[in-house]
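Structural description and commentary
One letter stands for each residue in the lines below.
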Amino acid sequence: MKLKILNFDSLGDERGDLVSLESNLNIPFEIKRVYYLFDTDTDSVRGFHAHYELKQVVIALKGQCTFHLDDGKEKQVVVLNSPLKGLLIESFLWREMSDFSDDCVLLVIASQHYDEADYIRNYEEFLKEASQNDT
Ligand code: T46
């Protein structure tokens with residue numbers, strides 16, 4: 001599975017921590033969009049889609065949540081719970097997010113502007129597209 005955890009160095013000192021994220025340096029693509037999820041209902045499950053092109057790095061700035069990832073052949077579960085770790089989600093990965101802690105703030109760094117046409121929201125369609133992309 002195309003899954004990678006990025007480790008970010010803190011530039012902190014006795015005053016506290018600071019992490020800098022930069023296009024094509026510690027973020028492995030040009031950053032086109034940033035969004036964040038917060039105050040998510042702890043019972044909510046989000047996602048249920050994959051992307052054709054979009055790459056993203058997801059960071060739990062506060063709290064934690066669980067990512068269920070599926071490349072059509074293999075499934076993997078990742079708990080995000082550190083502002084020093086980023087989950088790189090490449091294209092053609094089905095994602096579902098659950099178990100949001102009350103205080104969870106998820107930062108998402110994206111390689112493309114928002115485009116609904118880039119979403120694959122039907123799981124059967126995803127399996128078909130993922131197997132074609134794999135060949
Ligand atoms: C992903 C996970 C981690 C916009 O208008 N612009 C945006 O940039 C985004 C991300 C969303 N929206 C709209 C589309 C929906 O009407 O905001 C609403 C909620 O989005 P969605 O239901 O897609 O949220 P999630 O949490 O299921 O998925 C989001 C991202 O869409 C997705 O790319 O990987 O977070």
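Data block above holds the structure.
These lines cover the structure that appears in this document, whether it is placed above or below. (Residues numbered from 1 in each chain as written. Predicted model: local features only at pLDDT ≥ 70, side-chain atom pairs only at ≥ 80, totals over all residues. Heavy atoms only, no water.)

The tally for this structure, following the rule as stated, stands at four salt bridges. For Arg-15, the salt bridge identified is with Asp-13, shortest N-O distance 2.6 Å. Residue classification places Arg-15 among the exposed positions, given a relative accessible area of 74%. The exposure class assigned to Asp-13 is partly exposed, which follows from its relative accessible area of 33%. Glu-90 is the salt-bridge partner of Lys-55, the closest N and O atoms lying 3.9 Å from each other. Placement of Lys-55 in the loop between strand 3 (46-51) and strand 4 (56-62) and of Glu-90 in the loop between strand 7 (85-89) and strand 8 (94-98) is noted, with a sequence separation of 35 residues between them. (Salt bridge = Lys/Arg side-chain N within 4 Å of Asp/Glu carboxyl O. Buried < 20%, exposed > 50% of the residue type's maximum accessible area, 1.4 Å probe, protein only. Helix = DSSP H or I, 4+ residues; strand = E, 2+ residues; numbered from the N terminus.)

Turning to the site of the ligand, a few remarks are in order. Residues in close proximity to the ligand total 13 residues, the closest being Arg-33, Arg-46, His-51, Gln-56 and Tyr-119. Take Arg-33: an N or O atom from its side chain is 2.5 Å from an oxygen atom of the ligand. Gln-56 has a polar side-chain atom sitting 2.7 Å from an oxygen atom of the ligand. Considering the ligand on its own, with 650 Å² of exposed area, one finds that the protein chains cover 67% of that surface. Every element with two or more residues in the shell around the ligand is listed here: strand 2 (33-38), strand 3 and strand 8. Looking at the shell around the ligand element by element, the count peaks at four residues for strand 3. (Near = heavy atom within 4 Å. Polar contact = N/O pair within 3.5 Å; in protein donor to acceptor, adjacent residues only side chain to side chain. Areas by Shrake-Rupley, 256 points an atom, 1.4 Å probe, with all protein chains shown as cover.)

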